[in-house]
Structures are given as C-alpha cells and as structure tokens.
Amino acid sequence: MDSLKSTFLSSTTHLYPSFPLPKPPSTNLKIPIHSSIRPDPFSLSDGNPTKPKPKSKNRKNPLSDDNARRIIKKKAQYLSALRRNQGSRAMTPKWIKRTPEQMVKYLEDERNGELYGKHVVAAIKAVRGMGERREGEVDVRRVMGSFVGKLNFREMCVVLKEQKNWRQVRDFFAWMKLQLCYRPSVIVYTIVLRAYGQVGKIKLAEQTFLEMLEAGCEPDEVACGTMLCTYARWGRHKAMLSFISAVQERGITLSTAVYNFMLSSLQKKSLHEKVIDLWRQMVDQGVAPNRFSYTVVVNSLVKGGLCQEAFKAFDEMKKHDFVPEESTYSLVISSHTKDGNWQDALRLYEDMKSRGIVPSNYTCASLLTLYYKNGDYSKALSLFTEMERNQIGVDEVIYGLLIRIYGKLGLYEDAERTFEEIDLLGLLSDEKTYLAMAQVHLNAGNAEKALDIIQMMKSRDIWFSRFAYIVSLQCYVMSEDLDSAEVTFQALAKTGLPDSGSCNDMLRLYIRLNLTERAKKFIVQIRKDQVVFDEELYRTVVRIYCKEGMLEDIERLTKEMGANDSYKDNKFVQTIFKAMCGEYQGHQKVKGNVASDQLDTTALGYLLRLYLECKDFRKMEEILKLLLETAGRVSVLTQLVSNCMKEGDISKVQSLNDQVVKLGCSVDDATIASMIGLYGKEQKLKHAQDVFTAAADSRTCGKSIYNSMIDAYVRCGKPEAAYSLYKEAIKKGHDLGAVAISKVVNSLTNFGKHRETEEMIRLNFQDNLGLDTVAYNTFIKAMLEAGKLRFATSIYERMLSMGVPPSIQTFNTLISVYGRGRKLEKAVEMFNTARSLGMTLDEKAYMNLICYYGKAGKRDEASSLFTKMQEEGIKPGMVSYNIMINIYATAGLCDEVEKLFEAMQRDGFSPDSSTYLSLVQAYTGCLKFAEAEQTISSMRKMGIPPTCAHFNNLLYAFANVGMMREAGRVYKELITTGLNPDLACYRTMLRGYIDYGLVEEALNFFEQIRDIADPDRFIMSAAVHIYKYEGKEPEARSLRDSMNNLGIPFLENLKVGSKMKTP
C-alpha cells in the first residue's frame, strides 16, 4: 500500500485524461466502416462510446438454430453481470444449454479460430507460449512482431484477458501500450489488476492502479472493487481499509459482493471489530446487504461480544426475507443460552423448525445444556428422540449431556448403557464424558465402578484436568483408599489452590479412619495456603478443633467466618460466633432470651465439647445458659490494647481491640498504625483490615494509618488493594510520600499488574507530587518490566527536568532499557554518562552492558569491558563469569572459555550447570567431542546432574557431521543417567538419521519414541518421509491423517539423505 501514493488516497478531486477526447460524431452522418475481421460477441468493449462497434464486411452465415442468438445474448449479459459481481459471493458460470447441433458448431468455431478470429487466437497462443521459457529469455516485441498493426484495441483486450500467467499479462500489456491503436481505458487496467490480484502480486497491482490514475483514467466501482478484493484475498487488511476510505471519499459506491468479500476476509482472521466497523460503513453508504452479509456480521457481532447488536441484525435479516443458515441460528441460540435468555433461545429454535431447517448437533447441544440447567429433563429426552427421528448425528458432547441427565433422574443403568454405546461407536475421547459417568456412579454410591472409569482414563492416556483430580479424589475417599487419596490431593494442589470441597473430603476421610493428627496437620496446611472456607469445610474443621480442645484455633477461624457477610444469616456459623464472642453480629448487645430457632444445636454441642476439653467450666456454664438467657460482654481499655500489641500476642490484640471499638473508644494514630503494621508482618490481613476500617471512619485518620495499611497489603501480596487504598487517600487530600508510592508501584510490578502501574505513574505526574530518586528508579524499572521502553526513557527525561539527581541504579536500569530496545549506542552512552558523573560503577553496571554486547554479537567489546572491569578492581562473581563464558562459547572460542573457566575456579567459584552447559557448547562448536564428553562426566562427578540440554549439544555435534553411532551411544548414556529425552533430543537424532540416509535406524528410532513423544511437526513429518522412502504408503498416509487431525502442518521440503556425499 505504501507504493500507492497519489491524489487518489488524499483528495476527492476527480482525475481527467491529459489528452483530448474525440468529439462524438453527428447522428446525421453515416460513416461506412469496412472490416475483414468478424466481431466477437463475447469480447470486451474498448470503453469508447463515441466509436461504435464495426460492422462485419461479409455477411454472417445463418446459425443452425434461430434460437441460438437469444442464447448468445443471454451469455453476454451473464458475463457482464459476472464482471460486476466480483467478490466472495461472485457467481460461477453455469452450463448454458445448447442443442447438440449448436454445441458442435460452437466447438468447431473455437477450434478453427472463428470465435475470435484466427489472428486473435494465434496472438493468444503466441503470448501463452512465452510462459514456456524462463524469465528474461524471451522478447515480447519479437514474439508479437508479426501482429503489429493487425490487432485493434478490442482484440488486444481479448488477448490480454485470455492470458493465464501474470508474467504474460505484464509483458503483453507493456507491448500493447506501444501500439498506435492503444488508448488508456479503465477496462484494460481492470483486466491487468485482476490478473495480478489472483496471484498475490500486490505491489504490481498498486503500481498498475497508480499508472491508471496518471493516464487520466478515472477508476470506477469495478476497478476499485478489484483492488479491494485483491487486498482482502491476500490478507492485506490494513491497506484494504485505507484504500476503501479513499474510495468512499471519492463518492464511489461499491457493490454488495465487494463488501461481502472484505467482510469474509476480515472474519477469517478473527478481526471481528473491523468487520463490525466495515458493516456500519456499508450500511451508512446505503449498500443493500444480502444473506451472506448478514451471516458474516451476525457471527462477528456475537464473537465480538456485541450480542444485542447481533440479535438486532438477525431480526433485520429475517425482516428482509433472508432465511438464516442453520449455523447462524445455532450461533444466536447459543448466545441466548449463555446470556440466560432461555425463552428467546427456545423461540428461535421453534422458528428454525417452522422454516424446515434441520438443527445441527451443535444447536441441539446448546438446547440440551439449557434444559439440563433448568432441570427440564423431560424436554431434554424428547429433544434427543427428535434428533434420532431427524437422523441428526449425535456427538460425544450430546452423549455426555444425556449421561448427566440420566444420572439426575436416577436412571443409572440407562446412563451406563449410553456410556458403553459411546465407547463402541469410537466417540469416547473427552475427559468430560468419562467424568460424567464417574459422577453418576458416585451418586449411585458405587465407588468401585467410578474408579474403573478413572482407571480406564489412565490406561487410554486421557489428559487429567483439575476437575478430573477432584472427581478421582471423591472416588478414593468413598472407597477409603488413603494413600491414593493423598497422592491425588497433592496432584490437585499442583494445578492451583485446592477447593474447599476437596479439603473437606480429605478431612472426612481422616476422621473416618481415626487419623486425628494427620487431620490437624492438614488443617494447618490449608490455612497456610489461604484456602477459602465454605460452610461444610468449616463444620468439619470445627468438629476436629472442638474434639481436640484447640481453643485459640477455633476462635481465629470463627472470627474470620463470622465477619464474612456471606455467612451473616448462617445459623451454624453465627451460633458459634455469637457464643464465643458473647455478642450478636453487628455489635448489638445481647438482651433478653435468645429464641431457640436462632441457635444451631450441633454448633452448641461442638462448643460444649470444646470447653470440656479445655476444662473451662465457666465457659461451659455460659454455653449451657445460652439456650435460656443471653451472655454478657467484657469491657477493655485502649491502654490494654496497646500493651497487648507491644507483646505481640495477636489473639489478645484482636480480642481487646474489638472490645474497644464496640465501646466507641479510639486510640491514637500511632498505635493504630503499629497494630496494622504488626498484622501485616504476621500476614493477618483480615485483622489489619478490621482495625483500619474502624479507624477510617474517624475524621482524625491520618496518613500514617494509610501508609501502614498499604504496607500490610503489600506484605500480604494484595497490590491492587494497596493501589485502590492509595487512590482513596489521594482523594481525601493525604500526601502519602514517595516511599508509599514506591511500595505500591513495586508491588504492582512484581505481580504483573502493568496497566495499573502505568496508570499510577501517570497519576503522580499529573498531580505533580514530589518524588525522590528511589521513586523515579522504581518507575523506570516498572516500565522496563512492562516492556514500555519509550515511557521508561521519558520518565528519565522528566527526572532530569525536575532536578532529581540520578543514581547508579538509575543508569543500570536505563542500560537494560536501551539494551532490550536494541539501542546499544544509547546503552553505552548511559554507561559513560554514569562514569562521567563520578559515580562508582559496580559489577552489575559492567555486566549489564557486557551482556547486551554479547547479545549483539560484539564479542571484542564485551571482552574489553570485562577486562577493564577487573582493572578497576571489581572482581567478577559467579554470574559475571557465566555471562562471559557464554559469550565466548557462542562465538566458538574454546581457548578463551577454558581460560575463564580456570580463572573462575581460582577465584573460588565452583562451576554450576550453566557453566558446564557453555563449556559443552564451546567444545562441540569446535568439534572437540572428547572434551565435551569429559565435561559432562566431570559435572556428574561434582554432583551436578546434567540436563537434556547438555547432552543435546553433543548429540547435535555428532549428528551434524554424520557420526550417528556416536550420537546413538550418547543418547543411550542420556537415558541411563535417568533423564527423559526431550523433544529437542528426539529431533536431533531423527535429523541425523535422515540427513545421512540411515532410513532403517530412523524408522526404528521413530517406532521407539512415537508413543512417548508429544506430537511434533518435524518428528511426524520426518516419519512420513521415511515411510514413503521405504514404500510404506499406508503407514505414511495414516500418520499424515493424524497430523491433519491434530492441526499440525506437514513439512514438504524434508529430504532423506540430503547430506550424503554423491559419488
């Protein structure tokens, strides 16, 4: 698109021809025109309305059928319509009905050259013949020399139109322009544009379009549509959108087919926002959409999240009498189902059936999901029956829903029969179907059958998701298999924080097996992991706590649960909470008798057991009296709260502080800030929040309290809450200072909240808050982590403009900013600037720049700077040595690597895995195989286990030079060390076998790894080539089908024996 620079894209002024047009002849004059050339009824017009079509010199022979003239005219009209309707919905030629006599005559005319004229047919063949020679070996002037003066403009257009190769179009068009009868016309340029567009010669098409403008030909809707379709066909969407803007400025109205082509192209690339924008332009231009237009737009509106607009467009589509396709109905029904508009979904389904459209299995799956969620199982079963009647293919998803419905209805045998049917049909592949059947067995109380389903999944290598581990755990708990349950729970914990239901299952299993100590340790672990408790888990934990007399633990847990608004009306939680705190939720005094319906007898039983274990008879008496009368509360003073806080007794602090708040008393800001700080250090965020909430309601709440709460949020890993509190403090007029700002920005950065970080930085700049060097350094580092390198440099410029002096940390970060942005000269400039300011450059500054020198391939500069660092008295550390060794290893300098390796050991640093990896890389790069193997042996003797990366360097070196026996030996050694080869090792071995024509070894190797290696493009493609080379076409075809099913593209350019020496 960059080459298409003209007034066409910048102005709406029409271009006119630079040569004078001939005046139209008088209608009274009759100028006889004689020609020996028969006119072609199917050829293009020359575009000059002033020059009528010449009459034939000789009278035409009568056709074999008088009706043939009508057929020929109809075909001409059809071809004209076809030209105007280019695009994704362009009409394709249909067979024109002719009588046998007409068809014979038509074929004879074409064979004898009478359709266009023999000289035109000869010209077409001559130009096509140029394609048999290489580029530059043919001169179009010589080829067409015998046709000079014999072809008129229209006939040249015919020759041009009949060319199939873009090079012949280009060469003939260049010759055509040299002829005397040639005159610029939008039609001939459109022919050329279409030829270029069909093969993706975008730049040539743009140059041709520009040439058309310069020739004074005003582009029409067909030419513009051709260019737009070209851009759309080849995915040049940016250029397409720019071009259409220019077309609209010139007042050219495009056809519906062109818009359809563009909409379809954008949608194929999932550019749904651009599809919607183009649709709106189409509507604004007054272009009437057709069925295809609506189908594309409804799809994009739904996928773009604009469901309401999609529904509106769908209704418009039906109002214009366009019958939606089944896929469109399905998409809208699914969208209604997800939004909860179940009535609308059912209404659309009935409308679809009334139009005689048979729903697909996807539509039926959406409706079955709807019925399942609504509990309308009878309609779900009737829908399934209807699917069978209409012979709609039932896939695994629908079978899975049917199994769940059977389970809900208690029809376990039907569910099991359906599962077996899926397995027999070969449709059983999704873990959700297996788990649905396992849950049905669990609901039926049959843990053994549920475990059989789980074992079936494992035997078939079905991938286990988080939900699969949850269901497996339920099976093991029901069957009381403790070891398997614990292993499954650990696997579940690796996928993320365990859910409360799974934790409750484990505790119930421990209780059932009388493993109380394990249960107590388990509770400690889930509390540490901050598992969110629900009522059932809370009940189980309270039961264990009360049985073991763990008073403090139950108090902390109960206060957390009781303070949660979601449990405000929970009778079990509130009974324990009120009994232990001696108050109602909401800080209201207990007066009078407590109604029995407000108490949970199970909870009171647990509490009685608790105080019995603790031998706290006074509390036991209070619990017993709770059924008849209320309990009193205990008063506390602010000073006592302060003393407890200094002692660090968290439970006493919380208890006493609650009492102080209830009495309406308050402590000074310093005490509250210290309390919050203490809770933050102890990771007691909920307690800190309670203290802050109580203090924040006071008008005297100062910035020290806000700073302490922000610090608590940061310590507890809640950066977004810290940022929200910071904004609240700013709105209230508190200046929290540069330290608090730095803490919040650093916390947001550490947790990857880069958008919030940038927002906070800009907010500080906007408010012109006073910032110090540390704050600016934090800002620059945050933007470096976020990848906003330009903004990072602008922060440094602002820092200088505000007169804030930079530190060595500032320049270290800026070196990383410019290094990552591949602006090595600017990074060097920052290094030199720091030195010129008299700053003491540390090891980090030197190695930061050395590292980017190495990445840029500037080994000499890196080596020189490393030497200079040592001359300045800075001893390199372990990381510095590893960086420099890696730079030399990448360059293949074995001697330099060895010298550095020895120097590192002399300085007292023991080489690590990274050091040995660089050493192996250096030796293999220099083809020192023995030294590389010795290095791997040395690191094993040092107690450092080698990784696959170490062995793969050696494998690649052997395979690259054809030493496949040695490579095989190293590969076996890799396995004997206990390592599982990764994909890189598999690829290296297979590549070596193929490159050197070791077909049998390659085939054996692939057979060994095909069941353990993950699907890989190179490995599978190589195997296909090997099978074909060995003549095993069925195996090759089967493997190729597997690649297609997995969506893995095939490598066509692999060649067996590509590195074999030819004799």
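Structure: above.
The structure reproduced in this document is the subject of the present report. If you're wondering where the values come from, they're calculated on a predicted model, not measured in any experiment.

1. A closer look at the overall build of the chain
A count of helical and extended segments in the chain gives 56 helices and 0 strands. Residues counted as buried form 45% of the 1063 residues belonging to the chain. By sequence separation, contacts in the chain at least 24 residues apart represent 64% of the contacts at least 6 residues apart. Accessible area of the chain: about 55900 Å², with a carbon and sulfur share of 49%.

2. A few points about the nonpolar core
In this structure, Ile 676, Met 709, Ile 795 and Leu 990 are the most contacted members of the largest nonpolar core, which totals 133 residues. Among the elements that line this core, the one with the most residues is helix H55 (residues 1017–1029), at 8 residues. In contact with Met 709, other than residues within four places in its own chain, are Ile 676, Leu 685, Ala 688, Gln 689, Phe 692 and Leu 725. Formed by 80 residues, the second largest nonpolar core is a distinct cluster that contains Val 169, Val 192, Val 298 and Ala 310.

3. So, the pattern of salt bridges
Under the criterion given, the structure shown has 25 salt bridges. The shortest N-O distance in the salt bridge between Lys 520 and Glu 517 comes to 3.5 Å. Of this pair, Lys 520 and Glu 517 both sit in helix H27 (residues 516–528), 3 residues apart, roughly one helical turn. Judged by its relative accessible area of 49%, Glu 517 is partly exposed. Here Asp 995 and Arg 991 are joined by a salt bridge, their closest N and O atoms 3.8 Å apart. A residue pair is termed a helical-turn pair when its members lie 3 or 4 positions apart in one helix, as Asp 995 and Arg 991 do in helix H53 (residues 983–995) at 4 residues.

4. A word on the side chain of Thr 988
Its place among the elements puts Thr 988 in helix H53. Take Thr 988: its relative accessible area is 9%, and that puts it in the buried class. At a separation of 2.8 Å, a polar atom in the side chain of Thr 988 contacts the main-chain carbonyl oxygen of Ala 984. Sequence-distant contacts of Thr 988, that is, excluding residues within four places in its chain, are made with Asn 952, Leu 955, Tyr 956 and Ala 959.

5. Digging into the packing of aromatic side chains
Summed over all chains, the structure comprises 23 aromatic pairs. Ring centres 5.1 Å apart and planes at 75° place the aromatic pair Phe 831 and Tyr 846 in the edge-to-face group. Of this pair, Phe 831 sits in helix H44 (residues 824–836) while Tyr 846 sits in helix H45 (residues 843–855), and the two are 15 residues apart along the sequence. No difference in accessibility class separates Phe 831 from Tyr 846, as the two residues are buried. Relative to Phe 909, the ring of Tyr 881 has its centre 6.1 Å away and its plane inclined at 55°; by these criteria the two rings are tilted. Separated by 28 residues along the polypeptide, Tyr 881 in helix H47 (residues 878–891) and Phe 909 in the loop between helix H48 (894–906) and helix H49 (913–925) bring together distant segments of the chain. Residue classification places Phe 909 among the partly exposed residues on the basis of a relative accessible area of 27%. Cluster of aromatic residues (ring-pair linked, three or more members): Phe 153, Phe 173, Tyr 182 and Tyr 189. Arg 527 extends its terminal NZ or CZ atom over the ring of Phe 533, reaching a point 5.9 Å from the ring centre.

6. A short note on the environment of Glu 931
Inspection of the secondary structure assignment puts Glu 931 in helix H50 (residues 929–941). Residue Glu 931 is classed as partly exposed on the basis of its relative accessible area of 35%.

7. A closer look at a nonpolar patch on the surface
Among the surface-exposed residues, Leu 927, Val 961 and Met 963 lie close enough to one another that they form a single nonpolar patch of about 230 Å² accessible area. Turning to its location among the elements, Val 961 is positioned in the loop between helix H51 (948–960) and helix H52 (964–976).

8. Description of the packing of helix H26 (residues 500–512) against helix H28 (residues 535–548)
At their nearest, the axes of H26 and H28 sit 9 Å apart, and the two run at 30° to each other. It follows from the interaxial angle that H26 and H28 lie roughly parallel. The interaxial crossing formed by H26 with H28 has left-handed handedness. Residues Ser 500, Cys 503, Asn 504, Leu 507, Arg 508 and Ile 511 of H26 touch H28, and the partners they reach there are Glu 536, Leu 537, Thr 540, Val 541, Arg 543 and Ile 544. A per-class count over the contact of H26 with H28 returns 6 nonpolar, 3 polar and 3 charged.

9. Some details on helix H54 (residues 999–1009)
Every buried residue of H54 is accounted for by Val 999, Ala 1002, Leu 1003, Phe 1005, Phe 1006 and Ile 1009. Seen from one end, H54 has its buried residues packed into an arc of 165°, which puts them on one side. Counted as exposed and oriented over 90 degrees from the buried face of H54: Glu 1000 and Gln 1008. Elements in contact with the buried residues of H54: H52, H53, H55 and helix H56 (1033–1046).

10. Here's the deal with the side chain of Asn 504
Looking at the element boundaries, Asn 504 is found in helix H26. Since its relative accessible area comes to 8%, Asn 504 is described here as buried. Residues contacting Asn 504, with those up to four places away along its chain left out, are Glu 536, Leu 537 and Thr 540.

11. Quick notes on the environment of Arg 250
In this fold, Arg 250 is placed in the loop between helix H11 (237–249) and helix H12 (256–268). Overall, the relative accessible area of 4% leaves Arg 250 in the buried class. Separated by 31 residues in the primary sequence, Arg 250 and Pro 219 have C-alpha atoms spaced 9.9 Å apart.

12. A few points about unusual backbone geometry
Excluding glycine, most residues fall at negative phi; most peptide bonds, likewise, are trans. Within the chain, Glu 480 stands out as a residue other than glycine whose phi angle is a positive 60°. Position of Glu 480 among the secondary structure elements: in the loop between helix H24 (466–478) and helix H25 (482–494). Glu 480 gets classed as partly exposed once you look at its relative accessible area, which sits at 39%. With a phi close to 60°, Asn 514 is a non-glycine residue in the positive phi region. Positionally, Asn 514 belongs in the loop between H26 and H27. Under the relative-accessibility criterion, Asn 514 is labelled exposed at 62%.

13. Some points on the packing of helix H10 (residues 221–233) against H11
Two elements in contact, H10 and H11, have axes whose closest approach is 8 Å; the angle formed by their N-to-C orientations is 160°. Accordingly, the angle class assigned to the pair H10 and H11 is roughly antiparallel. In this structure, H10 crosses over H11, and the sense of that crossing is left-handed. The segment H10 lies against H11, with Cys 224, Met 227, Leu 228, Tyr 231 and Ala 232 engaging His 237, Ala 239, Met 240, Phe 243, Ile 244 and Val 247. Residues that form the contact of H10 with H11 fall into these classes: 10 nonpolar, 1 polar and no charged.

14. A few points about H24
If you check H24, its first and last C-alpha atoms are 19 Å apart, about what 13 residues at 1.5 Å a residue would give, namely 18 Å. Of the positions making up H24, those classed as buried are Ala 468, Ile 470, Val 471, Ser 472, Leu 473, Cys 475, Tyr 476 and Val 477. In this fold, the buried residues of H24 make contact with helix H22 (431–443), helix H23 (447–459), H25 and H26. Glu 480 sits one or two positions beyond H24 and adopts a positive phi of about 60°.

How each quantity is defined
- Residues numbered from 1 in each chain as written.
- Predicted model: local features only at pLDDT ≥ 70, side-chain atom pairs only at ≥ 80, totals over all residues.
- Heavy atoms only, no water.
- Helix = DSSP H or I, 4+ residues; strand = E, 2+ residues; numbered from the N terminus.
- Buried < 20%, exposed > 50% of the residue type's maximum accessible area, 1.4 Å probe, protein only.
- Contact = heavy atoms within 4.5 Å.
- Areas by Shrake-Rupley, 256 points an atom, 1.4 Å probe, with all protein chains shown as cover.
- Core = buried A, V, L, I, M, F, W, Y, C linked by side-chain atoms within 4.5 Å.
- Salt bridge = Lys/Arg side-chain N within 4 Å of Asp/Glu carboxyl O.
- Polar contact = N/O pair within 3.5 Å; in protein donor to acceptor, adjacent residues only side chain to side chain.
- Phe/Tyr/Trp six-rings, centres within 6.5 Å; stacked < 30°, edge-to-face > 60°.
- Lys NZ or Arg CZ within 6 Å of the ring centre and 35° of its normal.
- Patch = residues over 30% accessible without salt bridge, like charges linked within 9 Å, V, L, I, M, F, W, Y side chains within 5 Å.
- Axes fitted to C-alpha atoms, helices over the stretch in contact; angles between N-to-C directions.
- Parallel < 35°, antiparallel > 145°, perpendicular 65-115°, else oblique.
- Left-handed = near helix turned anticlockwise from the far one by under 90°.
- Nonpolar A, V, L, I, M, F, W, Y, C, P; charged D, E, K, R; others polar.
- Arc of directions from axis to C-beta.
- Expected span 1.5 Å × (residues − 1).

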